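Each chain is listed here by its residues.
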Amino acid sequence: MGELSIALQMDPIDQLNIDSDTTFCLALCAQERGHRLYYYHPDSLYLEDGHVKAITTEVTLQRQKDNHVIFGKKTLHSLNKIDVVLMRQDP
């Protein structure tokens, strides 16, 4: 299996408790397997011509308290072009 693109819809990624947040653990494991991570918040979602799109930010994660996310380039993605969309949010 090659590199996958994984979009993470979740609560603010920079405010996570990395010791207990399961989404962080799942994403970090995916990254360690060579997959690319893209973060977006539901506020950036919209529908255009029948396609769900989001403004995403490429992220790199690290198990370092208070410095666990490095933000990269922002990109407009059609989510149907993303391999995996992981939606994990507190109600």
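Thresholds, definitions, all that
- Every chain is numbered independently, its residues counted from 1 as its sequence is written.
- The model is predicted, so local features are restricted to residues of pLDDT at least 70 and side-chain atom pairs to those at 80 or more, both for listing and for counting; the totals for chains, interfaces and linings are taken over all residues.
- In computing side-chain properties, one takes all heavy atoms of the structure into account and sets aside hydrogens as well as water.
- Patch membership requires more than 30% relative accessible area and the absence of a salt bridge. Residues of like charge join within 9 Å; the nonpolar side chains Val, Leu, Ile, Met, Phe, Trp and Tyr join within 5 Å.
- Note on areas: these come from Shrake-Rupley sampling with a 1.4 Å probe, and a residue is covered only by the protein chains present in the view.
- Salt-bridge detection follows one rule: a side-chain nitrogen of Lys or Arg within 4 Å of a carboxyl oxygen of Asp or Glu.
- Only DSSP runs of H or I reaching four residues or more are called helices, and only runs of E reaching two or more are called strands; each is numbered from the N terminus.
- The cut-offs for exposure are 20% and 50% of the maximum accessible area for each residue type, with area from a 1.4 Å probe on protein chains only; residues under the lower value are buried, those over the upper are exposed, and the others partly exposed.

A. Just a nonpolar patch on the surface, in detail. Residues Leu 45, Leu 47 and Val 52 make up a contiguous nonpolar surface patch of roughly 260 Å² in combined accessible area. With respect to the helices and strands, the residue Val 52 is situated in strand E4 (residues 51-61).

B. Examining the pattern of salt bridges more closely. Throughout the structure, instances matching the rule amount to three salt bridges. Lys 65 is paired through a salt bridge with Asp 19; the nearest N and O atoms lie 3.6 Å apart. Of this pair, Lys 65 sits in the loop between E4 and strand E5 (69-78) while Asp 19 sits in the loop between strand E1 (5-10) and helix H1 (22-32), and the two are 46 residues apart along the sequence. Looking at Asp 19, the relative accessible area reads 60%, which means it is exposed. For the salt bridge of Arg 36 with Glu 58, the shortest nitrogen-to-oxygen distance reads 2.7 Å. Residue Arg 36 is found in strand E2 (residues 36-40), and its partner Glu 58 is found in strand E4; the two are separated by 22 residues along the sequence.

Nothing here speaks to function; it is all geometry.
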